[in-house]
Amino acid sequence: MWRRLGVLDWIRIGLLLLGLVFVATGLLPLREAEESLGDIAPLLVFLVGIIVLAELTKEAQVFDAIAARMAVFGRGNYTALFVLCTAFASFVTIFLNLDTTAVLLTPVMLALAPKARIAALPLAMTTIWLANTASLLLPVSNLTNLLGMEKIGLDAQAFAGRMWAPQLVAILVTMAFLWTFYWRRGERRDLRYTPPVLEPVGDRVLFAAASAACLLFIGALLAEVEVGVAAAAAALIVVAAFAVRDRARLTWNLVPWQLLIFVTGLFLVVPTLSRWGLADLMSGLLGDGHDPYRTAAVGAGLANAINNLPAYTAVEAVIPGARQDQLLALLVGTNVGPVVTPWASLATLLWFESCRRHDVTVPMGRFLLTGAGLAVVGLPLTVWALVATS
């Protein structure tokens, strides 16, 4: 087991151990540690449920079937395929979390590329950019949203009511950059692609059960069921189906222990650092004007420097709950902004691993420059949409 651990795994474990050291030495009082971990308990339940649901949905070939039919429906027209791919990636991100798009949708899209003789890089960039920029609309779309829900004080429908315009702008700007730098004919070279031959799913019962579980989860969200309960219920449905039809697929590897360790460690380390000077630094960066554009820029800058989860947690700690618009602007910064560096979001790190496993080369210079352009243009426009509809 220890030999299979990668660099990212050791970083996550180290973060948790550092947090435990802070508690053991009293740098973080035990009561504050208990309160911090109590706050994220529902988040951890959601994480396990949504990842298990997404993993087994992929194993049931639901994503594969949708991607293949999408390519067939495009009939060889790249413009049609582009619109369908961006819609699919946005939908998965919004309802099934950005990590689902980065981890599970990416290999599906990369597997589609050789079947339809499509360049892999445009498909890969579509998944990772929209995994980040399409994660504003619902609390479940991004862990940062879930972290901020209690302090922001909005339920899921009210949150969507505030974020629909920023989300729309963020997706449209992302589409414009994707087309300009990755999808237009000068970049992809081919005029048309070859629609793939549709293949039957391996097990129709599992396919139906996984599809029903995903629809149940989405319906539960719209009915304002608590996200942890909704994710757990949907996951139990598909787990039960696999227990009957293909029990060998039910392994402990389905449990996202890496994410659980990372989030737990994060919520021990960041509160400790905030007690010992980080909060003052964040207050200085934000200034006294409560400027939403500055708040979003600080969130995006920190996300690209240290990762969006600790960035959001650190900055949120110094913003009073009464400043709802400023908290929402911070979410824009930590969701839309982390498209520059490979470590800016956990989804991007996982996406790079997926590309490496599929032998897809991502030119780092091009990734950094186009991502910087998207952040510089997309961030102020998305904040503008938030301010204009407040």
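In case you missed it, the structure is sitting above this.
Please read these numbers as outputs of a predicted model, since none were measured by experiment.

1. Examining the overall build of the protein chain
What the protein chain contains, in helices and strands, is 17 helices and 0 strands. Relative to the compact-globule value of 21 Å for 390 residues, the protein chain shows a C-alpha radius of gyration of 21 Å, a close match. For the protein chain, the spread of C-alpha atoms along the three principal axes comes to 60 × 50 × 45 Å. Evaluated residue by residue, the protein chain yields a buried proportion of 54% over its 390 residues. Contacts in the protein chain between residues far apart in sequence, at least 24 positions, make up 80% of those at least 6 positions apart.

2. Considerations on the packing of aromatic side chains
Counted according to the given criterion, the structure contains 10 aromatic pairs. Measuring from ring centre to ring centre gives 5.8 Å for Trp351 and Phe367, while their planes differ by 20°; the resulting arrangement is stacked. Of this pair, Trp351 sits in helix H16 (residues 346-357) while Phe367 is found in helix H17 (residues 364-388), placing the two residues 16 residues apart along the sequence. Judged by its relative accessible area of 1%, Phe367 is buried.

3. A closer look at the environment of Asn304
Assignment of secondary structure puts Asn304 in helix H13 (residues 292-306). Of the residues examined, Asn304 reaches a relative accessible area of 13% and is grouped as buried. Once residues lying within four places of it in the same chain are set aside, the contact partners of Asn304 are Gly337, Pro338, Val339, Val340, Thr341, Trp343 and Ala344.

4. Side note on the pattern of salt bridges
Pairs can form between side chains of opposite charge whenever their charged atoms are close. Under the definition given, this model contains 5 salt bridges. As a salt-bridge pair, Asp246 and Arg249 come within 3.4 Å of each other at their nearest N and O atoms. Overall, the relative accessible area of 23% leaves Asp246 in the partly exposed class. One network of salt bridges, with partners in common, ties together Glu59, Asp246 and Arg249.

5. Concerning the packing of helix H15 (residues 324-336) against H17
Two elements in contact, H15 and H17, have axes whose closest approach is 10 Å; the angle formed by their N-to-C orientations is 150°. Compared by their axis directions, H15 and H17 come out roughly antiparallel. Classified by chirality, the crossing of H17 by H15 is right-handed. Between H15 and H17, the residues in contact are Asp325, Leu328, Ala329, Val332, Gly333 and Val336 and Gly378, Leu379, Thr382, Val383 and Leu386, respectively.

6. Description of the environment of Thr127
Mapped onto the elements, Thr127 comes out in helix H6 (residues 120-133). Spatially, the C-alpha atoms of Thr127 and Ala89 are 5.8 Å apart, while their sequence positions differ by 38 residues. Sequence-distant contacts of Thr127, defined by excluding residues within four places in its chain, comprise Thr101, Leu105, Thr106, Met109 and Trp351.

7. Examining the packing of helix H10 (residues 204-222) against helix H11 (residues 227-245)
With their axes 9 Å apart at the nearest point, H10 and H11 run at an angle of 170° to one another. It follows that H10 is roughly antiparallel to H11 by the angle criterion. Across from Val205, Leu206, Ala209, Ala210, Ala213, Leu216, Phe217, Ala220 and Leu221 in H10, the residues of H11 making contact are Val227, Ala230, Ala231, Ala234, Ile237, Val238, Ala241, Phe242 and Arg245.

8. Overview of H16
Taking 1.5 Å of rise per residue, 12 residues should cover 16 Å, and H16 covers 17 Å from first to last C-alpha, within 8% of that figure. Turning to H16, its buried residues are Leu346, Ala347, Thr348, Leu349, Trp351, Phe352, Ser354 and Cys355. The positive-phi residue at the C-terminal boundary of H16 is Asp359, with phi of around 55°.

The rules behind each value
- Residues numbered from 1 in each chain as written.
- Predicted model: local features only at pLDDT ≥ 70, side-chain atom pairs only at ≥ 80, totals over all residues.
- Heavy atoms only, no water.
- Helix = DSSP H or I, 4+ residues; strand = E, 2+ residues; numbered from the N terminus.
- Rg over C-alpha atoms; globule rule 2.2 N^0.38 Å.
- Buried < 20%, exposed > 50% of the residue type's maximum accessible area, 1.4 Å probe, protein only.
- Contact = heavy atoms within 4.5 Å.
- Phe/Tyr/Trp six-rings, centres within 6.5 Å; stacked < 30°, edge-to-face > 60°.
- Salt bridge = Lys/Arg side-chain N within 4 Å of Asp/Glu carboxyl O.
- Axes fitted to C-alpha atoms, helices over the stretch in contact; angles between N-to-C directions.
- Parallel < 35°, antiparallel > 145°, perpendicular 65-115°, else oblique.
- Left-handed = near helix turned anticlockwise from the far one by under 90°.
- Expected span 1.5 Å × (residues − 1).

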